[in-house]
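Report on the structure
One letter stands for each residue in the lines below.
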Amino acid sequence: MNSMLIATALSTIICLLITPVLIPFLRRLKFGQSIREEGPSWHQVKSGTPTMGGISFIVSSVLAACLVIIVTYGPRYDLLIPVITAFLYGLVGFIDDFIKVVKKQNLGLSAKAKFTFQLLVAVVSTLSMYQLGYIDGSLVIPFLSRPIDINVWILPLTILVQLSVVNSVNLTDGLDGLATSITLLVSLFFVIVSLLLDSAAAIFIGAVAGGCLAFLLFNAHPAKVFMGDTGSLFLGGAIAVTASSLGLPLLLIIVGGVYLIETLSVILQVASFKLTGKRIFKMSPIHHHFEMCGLKETTIVWLFSIATALLCLLGYVSILTIL
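Residues numbered from 1 in each chain as written. Predicted model: local features only at pLDDT ≥ 70, side-chain atom pairs only at ≥ 80, totals over all residues. Heavy atoms only, no water.

**Some points on the overall build of the protein chain**
Test applied: Strands are runs of DSSP state E lasting at least 2 residues, helices are runs of H or I lasting at least 4, and numbering of each runs from the N terminus. Based on C-alpha atoms, the radius of gyration is set beside the globule rule, defined as 2.2 Å times the residue count to the power 0.38. Contacts were defined at the residue level, with two residues in contact if any of their heavy atoms lie within 4.5 Å.
From N to C terminus, the protein chain includes 12 helices and 2 strands. Walking the protein chain from its N terminus toward its C terminus, one meets helices and strands in the order α-α-α-α-β-β-α-α-α-α-α-α-α-α. Relative to a compact globule of 323 residues, whose C-alpha radius of gyration would be 20 Å, the protein chain shows 19 Å and is just as compact. When contacts within the protein chain are restricted to residue pairs at least 6 apart in sequence, long-range pairs at least 24 apart make up 75% of them.

Structure below.
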């Protein structure tokens, strides 16, 4: 508990110190966000807002977690696997963002290249966690009283969860403070679960929560900085690897319900248009649909955050028997 609190507080403080310095630095480099033309027209005023701001909470989370883990447990490099995994996803996002800002357009890595890098990180991470005993065949099914053993099938499941969550968080990052707020709540949920299960995972996910809390002060509407793919891929990786290391990847279907709905809205929209030539939503991901219906950004963020809080409560109830 003390280690987690120290990591969370340290990450919050570091992010609060770094972000005000990072924002003008990104402006000087002209690392501004390019807004896609097919998006809501009123989003064009956000064009040029500094992006890649996720660097601040990546630095704060990684630094705080590494320091606390090393001081608490010594040079236990096995405990740093979740940190390294999330960092590598953030690195993929950084490369994608860097290409975007250099080309001054909303296209970075090709979809194929981006997926290949993500898949490589997911495979290496999963095999490492399996080898080090982070994951085994044990899988908790929400609302069931005991885990089931799926043996080596845990490997493809973990890879699938990482890829799904990483890209879902990326899709959710479309409104000021939306991905940050939701991930803060999901992170806090896993902090509580990690503590109840007496897992060292609480240190890193606590640091992530602290970084999100500090970053939200600059990312809330009107956003002074965007996290970019740099930040969203890092956050998705942190959430996915934490859930997997606790044997709770399926719990993300509940607590990460907003991420899931955002992704499904895109899949359904594309499938409907290709099959029928008609769109289900006014715009996808679904947060843009609500915008087009007349809801304000801040209202959507609040509604999605309240929904996430309720889903986290449901998720907690679903695993009470194993806690």
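**Examining the pattern of salt bridges**
Working definition: two side chains of opposite charge can pair if their charged atoms are close together. Applicable threshold: The rule for a salt bridge is simple: a side-chain nitrogen of Lys or Arg has to be within 4 Å of a carboxyl oxygen of Asp or Glu. Under the scheme applied here, a residue whose accessible area is under 20% of the maximum for its type counts as buried, over 50% as exposed, and between as partly exposed, the area being computed with a 1.4 Å probe on protein chains only.
For the structure on display, the rule yields 4 salt bridges. The closest approach of N and O atoms between D96 and K100, which form a salt bridge, is 3.5 Å. With a gap of 4 residues between them, D96 and K100 both fall in helix 3 (residues 81–103), about one helical turn apart. On the accessibility criterion, K100 (15% relative accessible area) is buried. Notably, a salt bridge pairs K100 with D229, separated by 3.3 Å at the nearest N-O pair. Highlighted residues: K100 in helix 3 and D229 in helix 8 (residues 228–245), separated in sequence by 129 residues.

**Concerning the nonpolar core**
As a reminder of what qualifies: For the purposes of this section, nonpolar cores are sets of buried Ala, Val, Leu, Ile, Met, Phe, Trp, Tyr and Cys residues that join through side-chain atoms within 4.5 Å.
Judged by nonpolar contacts, the single largest core of 80 residues is most densely connected at F190 and F234. Contacts of F234, omitting those with residues within four sequence positions, involve F57, I58, S61, V62, A86, F87, Y89, G90, F204, V208 and D229. Core analysis: the second largest hydrophobic core is formed by 9 residues, Y89, L109, A122 and I159 among them.

**Some details on unusual backbone geometry**
Cis rather than trans, the peptide bond between H221 and P222 has omega equal to -5°. Assignment of secondary structure puts P222 in the loop between helix 7 (201–219) and helix 8. The omega torsion of the bond from S284 to P285 falls at 0°, within 30 degrees of zero and hence cis. Checked against the element boundaries, P285 lands in the loop between helix 10 (257–276) and helix 11 (286–292). You will see that M52, though not glycine, has its phi angle at about 70°, which is positive. Taking relative accessible area as the criterion, M52 reaches 0% and is therefore assigned buried. The residue F143 is not glycine, and still its phi comes out positive at about 75°. Tracing the chain through its elements places F143 in the loop between strand 1 (138–139) and strand 2 (148–149).

**Comments concerning a nonpolar patch on the surface**
In plain terms, the rule: Nonpolar side chains (Val, Leu, Ile, Met, Phe, Trp, Tyr) within 5 Å and like charges within 9 Å form the patches, drawn only from residues with over 30% relative accessible area and no salt bridge. The Shrake-Rupley method, run with a 1.4 Å probe sphere, supplies the accessible areas, and residue values consider only the shown protein chains as cover.
A contiguous nonpolar surface patch, about 860 Å² in accessible area, is contributed by F143, I192, L196, L197, L313, L314, Y316, V317, L320 and L323. Mapped onto the nonpolar patch, the elements with two or more residues apiece are helix 6 (178–196) and helix 12 (297–318). Mapped onto the elements, L196 comes out in helix 6. What makes L196 partly exposed here is its relative accessible area of 46%.

**Overview of helix 1 (residues 2–28)**
The line we're drawing: Expected helix span is computed as 1.5 Å times (number of residues minus one). What the bend at a residue measures is the angle between two axes, fitted to the seven residues ending there and to the seven starting there.
Between its first and last C-alpha, helix 1 extends 40 Å over 27 residues, near the 39 Å set by a 1.5 Å rise per residue. Approximately 30° is the largest bend angle found in helix 1, and it occurs at T19, with the proline P20 only one to four residues beyond. Three or more residues of helix 1 are buried, namely S3, M4, A7, T8, S11, T12, I14, C15, T19, L22, I23 and L26. Contact partners of the buried residues in helix 1: helix 2 (54–73), helix 6 and helix 7.

**As for the packing of helix 4 (residues 111–131) against helix 5 (residues 154–172)**
What counts here: The axes used here are C-alpha line fits, helices contributing only the stretch in contact, and every angle between their N-to-C directions lies in the interval 0 to 180 degrees. Roughly parallel means an angle under 35 degrees; roughly antiparallel means over 145; roughly perpendicular covers 65 to 115; every other angle is labelled oblique. The handedness criterion is simple: a crossing whose near helix is rotated anticlockwise from the far helix by less than a right angle is left-handed, and one whose near helix is rotated clockwise is right-handed. Ten residue types, Ala, Val, Leu, Ile, Met, Phe, Trp, Tyr, Cys and Pro, are classed as nonpolar, four, Asp, Glu, Lys and Arg, as charged, and the remainder, Gly among them, as polar.
Running from N to C, helix 4 and helix 5 point in directions that differ by 135°, and their axes come no closer than 9 Å. In terms of orientation, helix 4 lies oblique with respect to helix 5. For the crossing formed where helix 4 meets helix 5, the hand is right-handed. Mapping the contact onto sequence places K114, F115, Q118, L119, V121, A122, V123, S125, T126, L127, M129 and Y130 in helix 4 and I154, L155, T158, I159, Q162, L163, V166, N167 and N170 in helix 5. Grouping the constituent residues of the contact of helix 4 with helix 5 by class yields 13 nonpolar, 7 polar and 1 charged.

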